[in-house]
Amino acid sequence: MYDCQLYLVTPPALDPVAFAPDLARALDAGPVAAVQLRLKDVPDDTILRAIDILRPVAQERDVAFILNDRPDLARRSGCDGAHVGGEDMDAAAARTLLGDQLQLGVSCYDSRDLAMRAGEAGADYVAFGAFFPSVSKETDIRAPVELLTWWSAMMELPVVAIGGITADNCAPLVRAGADFLAVISAVWSHPEGPAAGVRAMNAAIDAA
Ligand SMILES: Cc1ncc(COP(=O)(O)OP(=O)(O)O)c(N)n1
Ligand SMILES: Cc1ncsc1CCOP(=O)(O)O
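Fair warning: this is a prediction, and the values are worked out from it, not measured in the lab. For every chain, the first residue of the written sequence is number 1, and numbering continues from 1 along that sequence. Whichever chain is written first is A, and whichever ligand is written first is 1; the rest continue in order. This being a predicted model, a pLDDT of at least 70 is required before a residue's local features are given, and a value of 80 or more before pairs of side-chain atoms are given or counted; all residues contribute to the totals for chains, interfaces and linings.

1. Quick notes on the sheet that holds strand 8 (residues 180–183)
Phase 1: In spatial order, the strands read 1-2-3-4-5-6-7-8; together these eight strands close into a barrel with parallel pairing. On average, each strand axis in the sheet is tilted by 25° relative to the strand beside it, whichever way the strands run.
Phase 2: Where strand 1 (residues 5–9) meets strand 2 (residues 34–37), three bridges bridge the pair, whose relative direction is parallel. Within strand 2, the residue paired with Leu8 across the bridge is Val35.
Phase 3: Packing against the sheet, helix 9 (residues 194–207) makes contact with strand 1 and strand 8, and its axis sits at approximately 145° to strand 1. A strand pair is defined by DSSP finding two or more bridges across the two strands. Only runs of H or I of at least four residues qualify as helices and only runs of E of at least two qualify as strands under DSSP, and these elements are numbered from the N terminus. Note on geometry: axes are C-alpha line fits, over the in-contact stretch for helices, and angles between N-to-C directions span 0 to 180 degrees. Each residue is represented by a C-beta atom placed from its backbone, and any two residues with such atoms within 7 Å are regarded as in contact.

As structure tokens, this is what we get:
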């Protein structure tokens, strides 16, 4: 059995009030290690309102609540951490904004160099991807599975795999040493609903 856990990233353009019961049902179908709130191109007060509504749903279930892109807002709103990528800020700047206590995740795409530097700058996990074509985010990057093998053989720091991951294609990522599988559509667009999506992903992780 591999030690790999599910990491949920929220779907785009969500209404937090309508989404909260879906999130609760998905987490109750767990285990889920973390939820990342990922809202793009919206004002700060929209992000803060979504945090107010959704953060307790995760934290009451002992699921870490991570904010995408905005370590500054994460720190002042009770989130457990923030996730940043190359277009947001570098890992050291994010660590400074978060302080010592909150978790920092850093997107490293398919770059070994970015990952090494993120680790040195105080990341709590590095993320590689996209591993497969994603309907949720356009990207030409295709991270090879060997990146996970290389990282996990060499480093203690946890590694997240993201991008087009489904119950049908995740086994090689689990076997290659991914500590977390981050998904959007495999859960939120599952034909039988998000709880079924969580159950299918966890069954596939267990079967890997
Ligand atoms: C867990 C995780 N990994 C990677 C990403 C992608 O982050 P980024 O490259 O900053 O792109 P956006 O998500 O901001 O579009 C992520 N969000 N989460
Ligand atoms: C945020 C992000 N970064 C790389 S791919 C991706 C989207 C992941 O969503 P999905 O699991 O639907 O491919």
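2. Details of the UniProt feature "binding site: Mg(2+)" (unreviewed entry) in the protein chain
Phase 1: UniProt positions are given in the numbering used here, feature names are shortened, and annotations may be inferred rather than shown by experiment. Mapped onto this numbering, the UniProt entry gives "binding site: Mg(2+)" (unreviewed entry) at Asp69 and Asp88. The named residues occupy 20 residues along the chain; their greatest pairwise C-alpha distance, 6.0 Å, places them in one compact cluster.
Phase 2: Tracing the backbone through its elements, the reader meets Asp69 in the loop between strand 3 (64–68) and helix 3 (71–76).
Phase 3: Residues within four places of Asp69 in sequence aside, it is in contact with Val84 and Asp88.
Phase 4: Within the fold, Asp88 resides in the loop between strand 4 (81–84) and helix 4 (91–98).

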